[in-house]
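So you can see what is in the structure, the chains are spelled out below.
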Amino acid sequence: MFMDNRFNYLRKKLYDYERSFNNFDNVTPDDLTKIKEEAISFVKSLSKPYQVSSYSSSSTYEKVLSRITTYSNNPYYHSFDKKIIYVIFAIDPDLLMYKLYLASNIPKVSSKDPKIREIEKRKYNEAVSTYHTEVLKLIGITDQRILKYEQKLFNKFYKNQSLVKGVKANYINNFMSYSMFLKSFSSIPPTRFNELEAKAKEWLDENIYEDFSTTLKTAIYNIMYQNKLLGLTNLEEQFAFLILLIDHDLDILKIYEEESRMPVIKSRIISKFGYFNDELIRIEKLYHQEFHPDIKLSPWSM
């Protein structure tokens, strides 16, 4: 009980500084290197060869909290940003907590229907429980507040180093919310479109998954959060690239042209793609007009 109380006290002491979080804006790559080296060195010092037993991950976490919250004699660690980086690198230097989150299919609770919402809650809780179990296996502890800062740290410093693969986290609706700003693909000349086609082929060759859902979610994540790494310079290129990855033959638009009733259209698109958003129809119309007016959309068209 005493140990639990001490851990909770130290954890609260760390997050009391949270209000001063500065989104890592004053942290440099050199700072990252320094903090990572010092954090890993400290953890290694807890498991010396002559010790009878090493500390458990939870005990290590407590000792890391104790060190970083009582580091008053070292002004370098006065900011919350550096404190939380130290904690992350000490207990999860490879950011596995966040990477596993991206690879976990945790559904959202969104329905307003009480019965459906109850089912969604149950699936959400089951997925979160599975995620926490896997995190415990990997790093020995789980802490949702650390997950939040791992995400911010990754997006600030590491997202443009290599493309994330096998994403199951769902950011589709987040990305589609920007579709209202897409009015045409006129800013993409033929030469640039050819480049995007080549880039899309390369991506598809390197991202082969058993289910289309993972392909779609990985594509969305890469396009939305790693567009600089992909070399996508604007919203038009992002949406054109998405179509090249998930529906190069414009099957969504073909289904729309073949059917006359929206419920049927929606059902067929969901059956094929596992997802429906009527904005995709509008976007594919623009894409078809700009890049592939030669593609036949309906068996009834002349």
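Since the structure is predicted, the reported quantities are computational estimates derived from the model, not experimental observations.

## Details of the overall build of the protein
Then, number 1: In terms of helices and strands, the protein carries 15 helices and zero strands.
Then, number 2: In terms of principal-axis extent, the alpha carbons of the protein reach across some 80 × 50 × 35 Å.
Then, number 3: Across the 302 residues that make up the protein, the buried fraction comes to 43%.
Then, number 4: Once local pairs closer than 6 in sequence are excluded, the contacts in the protein between residues at least 24 apart make up 77%.
Then, number 5: Accessible area of the protein: about 16,900 Å², with a carbon and sulfur share of 52%.
Then, number 6: One way to put it: in the protein the 43 positive side-chain charges average out to a point 7 Å from where the 39 negative ones average out.

## Quick look at a nonpolar patch on the surface
Then, number 1: Together, Y178, M180 and F181 give the surface a local cluster of nonpolar side chains, amounting to about 350 Å² of exposed area.
Then, number 2: By the secondary structure assignment, M180 is in the loop between helix 8 (172–176) and helix 9 (190–206).

## Some remarks on the environment of L216
Then, number 1: Relative to the elements of secondary structure, L216 occurs in helix 10 (residues 212–225).
Then, number 2: You can call L216 buried: its relative accessible area is 6%.
Then, number 3: Taking the C-alpha atoms as reference, L216 lies 8.9 Å from K168; in sequence the two are 48 residues apart.
Then, number 4: Residues in contact with L216, not counting those within four places in the same chain, are I172, I246, F273 and Y275.

## Focus: helix 12 (residues 235–246)
Along an α-helix, residues three or four apart share an orientation, since each turn contains 3.6 residues.
Then, number 1: Taking 1.5 Å as the rise per residue, helix 12 with twelve residues should run 16 Å; its terminal C-alpha atoms sit 17 Å apart, in good agreement.
Then, number 2: Across the twelve residues that make up helix 12, a large majority, eleven, are buried.
Then, number 3: Here helix 12 has its buried residues at E236, E237, Q238, F239, A240, F241, L242, I243, L244, L245 and I246.
Then, number 4: Those residues of helix 12 that are buried are in contact with helix 8, helix 9, helix 10, helix 11 (227–230), helix 14 (262–273) and helix 15 (278–291).
Then, number 5: Put simply, N234 is the residue that caps the front of helix 12, since its side-chain oxygen is 3.1 Å from the backbone nitrogen of E236.

## Details of the confidence of the model for the protein
Then, number 1: Averaged over all residues, the pLDDT of the protein equals 91, while 92% of them reach at least 70.
Then, number 2: Of all helices and strands in the protein, the one with the weakest mean pLDDT is helix 1 (residues 2–15) (81), whereas helix 12 scores best (98).

## A look at the pattern of salt bridges
Then, number 1: By the definition in use, this model includes 17 salt bridges.
Then, number 2: K34 is the salt-bridge partner of E38, the closest N and O atoms lying 2.9 Å from each other. One end of the pair, E38, and the other, K34, are both in helix 2 (residues 29–45), four residues apart, so they sit about a helical turn from each other.
Then, number 3: Among the ionic contacts, a cluster of salt bridges with common partners joins E18, R145 and K148.

## So, the side chain of T215
Then, number 1: Following the sequence through the fold, T215 ends up in helix 10.
Then, number 2: The exposure class assigned to T215 is buried, which follows from its relative accessible area of 10%.
Then, number 3: Apart from residues no more than four positions distant in its own chain, T215 is found in contact with W203 and Y209.

## Section: the packing of aromatic side chains
Then, number 1: According to the stated counting rule, one finds 21 aromatic pairs in the structure shown.
Then, number 2: Ring geometry for Y171 and Y225: centres 5.2 Å apart, planes at 75°, overall edge-to-face. Of this pair, Y171 sits in the loop between helix 7 (144–158) and helix 8 while Y225 sits in helix 10, placing them 54 residues apart in sequence.
Then, number 3: Site record: aromatic cluster; members linked through ring pairs are Y15, F21, F24, F80 and Y149.

## Here's the deal with the side chain of N207
Then, number 1: Mapped onto the fold, N207 is located in the loop between helix 9 and helix 10.
Then, number 2: From its side chain, N207 meets the backbone oxygen of W203 in a polar contact 2.9 Å long.
Then, number 3: Separated by 2.6 Å, the side chains of N207 and Y209 make a polar contact.
Then, number 4: Leaving out residues up to four positions away in the same chain, N207 has contacts with K165 and T218.

## Concerning the environment of D92
Then, number 1: Along the chain, D92 turns up in the loop between helix 4 (80–91) and helix 5 (96–102).
Then, number 2: Overall, the relative accessible area of 1% leaves D92 in the buried class.
Then, number 3: Separated by 46 residues in the primary sequence, D92 and L138 have C-alpha atoms spaced 9.1 Å apart.
Then, number 4: Aside from chain neighbours lying at most four places away, what touches D92 is M97, I139 and E150.

Quick notes on the rules
Residues numbered from 1 in each chain as written. Predicted model: local features only at pLDDT ≥ 70, side-chain atom pairs only at ≥ 80, totals over all residues. Heavy atoms only, no water. Helix = DSSP H or I, 4+ residues; strand = E, 2+ residues; numbered from the N terminus. Buried < 20%, exposed > 50% of the residue type's maximum accessible area, 1.4 Å probe, protein only. Contact = heavy atoms within 4.5 Å. Areas by Shrake-Rupley, 256 points an atom, 1.4 Å probe, with all protein chains shown as cover. Lys, Arg positive; Asp, Glu negative; His and termini not counted. Charge placed at Lys NZ, Arg CZ, Asp CG, Glu CD. Patch = residues over 30% accessible without salt bridge, like charges linked within 9 Å, V, L, I, M, F, W, Y side chains within 5 Å. Salt bridge = Lys/Arg side-chain N within 4 Å of Asp/Glu carboxyl O. Expected span 1.5 Å × (residues − 1). Polar contact = N/O pair within 3.5 Å; in protein donor to acceptor, adjacent residues only side chain to side chain. pLDDT = per-residue confidence, 0-100. Phe/Tyr/Trp six-rings, centres within 6.5 Å; stacked < 30°, edge-to-face > 60°.

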